[in-house]
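Results of the structural survey
Each chain, letter by letter, is given below.
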Amino acid sequence: MATLRLFDSFQKRKVEFVPCVPGEVRMYLCGPTVQSSPHIGHARGAVAFDVVRRTFAWRGYKVTFVRNITDIDDKIIKRAAELGMTPKELAQRHADDYRASMAAVGVSPPDHEPLVTENIPQIISLIGRLIDRGCAYPSGGDVYFAVESFPAYGALSGQTIEELRAGARVEPGEHKRNPLDFALWKAAKPGEPFWESPWGPGRPGWHIECSAMTMRYLGDTFDIHGGGKDLVFPHHENEIAQSQGATGPGTFSRYWMHNGFVNFNDEKMSKSLGNVFLVSDLTKKYEGETVRFFLIQTHYRSPINFEVGEKDARPVFPGLEEAERRLDYFYSTLLRLEDFLGEQREASGPVLADAERLIPALQEAMDDDFNTSVAVAELGEAAKLANKLMDDPKSAPKDLRRRSLARLYNDIRGAGTGALGLFGQDPRAFVVRRRSRLAATKGIDEAAIENRLVLRETARKAKDFAHADQLRAELRDLGVEVMDTPRGPDWRIRE
Ligand SMILES: [Zn+2]
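Residues numbered from 1 in each chain as written. Predicted model: local features only at pLDDT ≥ 70, side-chain atom pairs only at ≥ 80, totals over all residues. Heavy atoms only, no water.

Attention now goes to the overall build of the protein chain. Along its length, the protein chain carries 16 helices and 17 strands. Put simply, the protein chain has 495 residues, and 51% of those count as buried. Roughly 22500 Å² of accessible area belongs to the protein chain as shown, and the carbon and sulfur atoms make up 51% of that amount. In the protein chain, 67 side chains carry a positive charge and 71 a negative one; their mean positions are 3 Å apart. (Helix = DSSP H or I, 4+ residues; strand = E, 2+ residues; numbered from the N terminus. Buried < 20%, exposed > 50% of the residue type's maximum accessible area, 1.4 Å probe, protein only. Areas by Shrake-Rupley, 256 points an atom, 1.4 Å probe, with all protein chains shown as cover. Lys, Arg positive; Asp, Glu negative; His and termini not counted. Charge placed at Lys NZ, Arg CZ, Asp CG, Glu CD.)

This is how it looks when you write it as structure tokens:
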């Protein structure tokens, strides 16, 4: 197996990935706090790590992927009260919402999806262990982690305890010894959900859940911990302190990966600016796969600028429009290949040299810190070559050409679905769906087009070629291009 290199946020450089157990990858991603519907920023993180997971599996690793759901916290309690629901009802609604939105953008369900409320005994036992080891202390019904007990605190975010202490404050109502200490357990306030514990009724702080869940599902030490860049401090810093505080130095995650943000018209996403776009809204207007393709075109660590324009008082998204055009190019190429190849889609025997470079090129791109932008460009080159070979019957001897095209078809589809989670749909279904949407926006009557195509076929069968050509020209004037395929005539809208 070739060497895979990834950017480790802890070491702050690209390093060779060496798993704990050869051939296996155990990874954990901080999942959503389910107080509202997921927006495109949530989709970005989920898609980025879905690609990481798929790529490892595509490269032959056995992958165990855990993504949690935070189903109890201050924001959920507050929002549920505003809506007159219980926190549990609100969390269930938005957990379902999250799963559906992620499925729409092609994110596979994790192997384990633990909820905080189903891991309370594990959390209480971990907090007890930290108290026993002198890393945590109960105070006024709360329990705090004592940051002074963990000298390596700050290493992930590149800060020292002294620097951090300068900016820390103790909020009213907190019973900390030190302003940097953070809550592992919070005493119940009146009317809030609570669980019994050795320190009185209460609920877990946010950070402890991830330490308890990784231990439960992946063991004391595992391979990769992921999350958005916004989680580096304090969340991931606190996770390291808790986990290593309990299980010792050198334990917990061996590599840290963080994905970049989605910015809107180069501004940070914010509810107050009204630039939060829900996945469920975007996938009403575009294919879920378009949203995925749009996100994957950019390397996971780079920021994505999500352009939002306005047309007829409605938002328009030039980036998604362009992504859908590009995705349609791939599906149209796959459809054309299916028409060309018919049932003969195997590619045994020699092929043109250019037709066998996609898989090695894609492996190289993905082995270089999951470089999806290069991978997508390589897929584009392969599709371009396929179209070129189909356009020109003299491009290669008949059998060599057919085998090369079969190889390209299998590799584009195999690598696309395997590593990136793209191109898994029926090409014709995709192309026809998009054509209908485009026809609707351009005011093209699909039934009238189909009628003209039938008339053209009748004219051709009657050898009235002048009339057939005239019908084709009329269609061209409507912005419609006619293609003659082995299935019969088909059409597409020129863009
Ligand atoms: Zn976490």
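Given a rise of 1.5 Å per residue, 18 residues ought to cover 26 Å, and the 26 Å separating the end C-alpha atoms of helix H3 (residues 87-104) matches this to within 8%. For H3, the complete set of buried residues consists of Pro87, Leu90, Ala91, His94, Ala95, Asp97, Tyr98, Ser101 and Met102. Angularly, the buried residues of H3 cover 165° about the axis, an arc narrow enough to put them on a single face. Turned more than 90 degrees off the buried face of H3, the exposed positions are Lys88 and Ala103. Those residues of H3 that are buried lie in contact with helix H1 (40-58), strand S4 (62-67), helix H2 (74-83) and helix H8 (279-285). Just downstream of H3 lies Gly106, where phi reads positive at about 80°. (Expected span 1.5 Å × (residues − 1). Arc of directions from axis to C-beta. Contact = heavy atoms within 4.5 Å.)

Only Cys30 (SG), Cys210 (SG), His235 (NE2) and Glu239 (OE) from the protein coordinate the zinc ion, and they sit 2.0 to 2.2 Å from it. The sequence pattern formed by the donor residues of the zinc ion is C-x179-C-x24-H-x3-E. Separated by four residues within a single helix, His235 and Glu239 lie in helix H7 (residues 232-247), roughly one turn from each other. Accessibility classification places His235 together with Glu239 in one group, the buried group. (Donors = N, O, S within 2.8 Å, 3.2 Å for Na, K, Ca; no water.)

For Thr55, the position within the fold is in helix H1. Spatially, the C-alpha atoms of Thr55 and Ala419 are 4.4 Å apart, while their sequence positions differ by 364 residues. Residue contacts for Thr55: discarding those within four places in its chain leaves Met366, Phe370, Gly418 and Ala419.

For the coordinates displayed, the defined rule picks out two cavities of 30 Å³ or more. Taken as a whole, the largest cavity spans an internal volume of roughly 100 Å³. For the largest cavity, the full set of lining residues is Arg44, Val47, Ala48, Val51, Val52, Leu295, Ile296, Thr298, Tyr300, Phe370 and Thr372. Of all elements in the fold, only H1 and helix H9 (288-296) reach the threshold of two or more residues within the lining of the largest cavity. Ranked by the residues each element gives to the lining of the largest cavity, the list is headed by H1, at five residues. Tallied by class, residues from the lining of the largest cavity come to eight nonpolar, two polar and one charged. Put simply, the second largest cavity is a space of about 30 Å³. (1 Å grid on protein atoms, 1.4 Å probe; cavity = no way out; pocket = protein on both sides within 12 Å on 5 of 7 lines; lining within 4 Å. Points joined across faces, edges and corners; volume = space filled by probe spheres on them. Nonpolar A, V, L, I, M, F, W, Y, C, P; charged D, E, K, R; others polar.)

Take the side chain of Thr372 next. Within the element layout of this structure, Thr372 appears in helix H12 (residues 372-391). Exposure remark for Thr372: the relative accessible area of 5% places this residue in the buried category. In this view, Thr372 contacts Val51, Ile296, Thr298, His299, Met366 and Leu420; residues no more than four positions away in its chain are not counted.

We now examine the pairing of strand S16 (residues 480-485). With six bridges connecting them, S16 and strand S17 (residues 488-493) associate as antiparallel partners. Bridging across to S17, Asp484 finds its partner in Pro489. (Pairing = 2+ DSSP bridges.)

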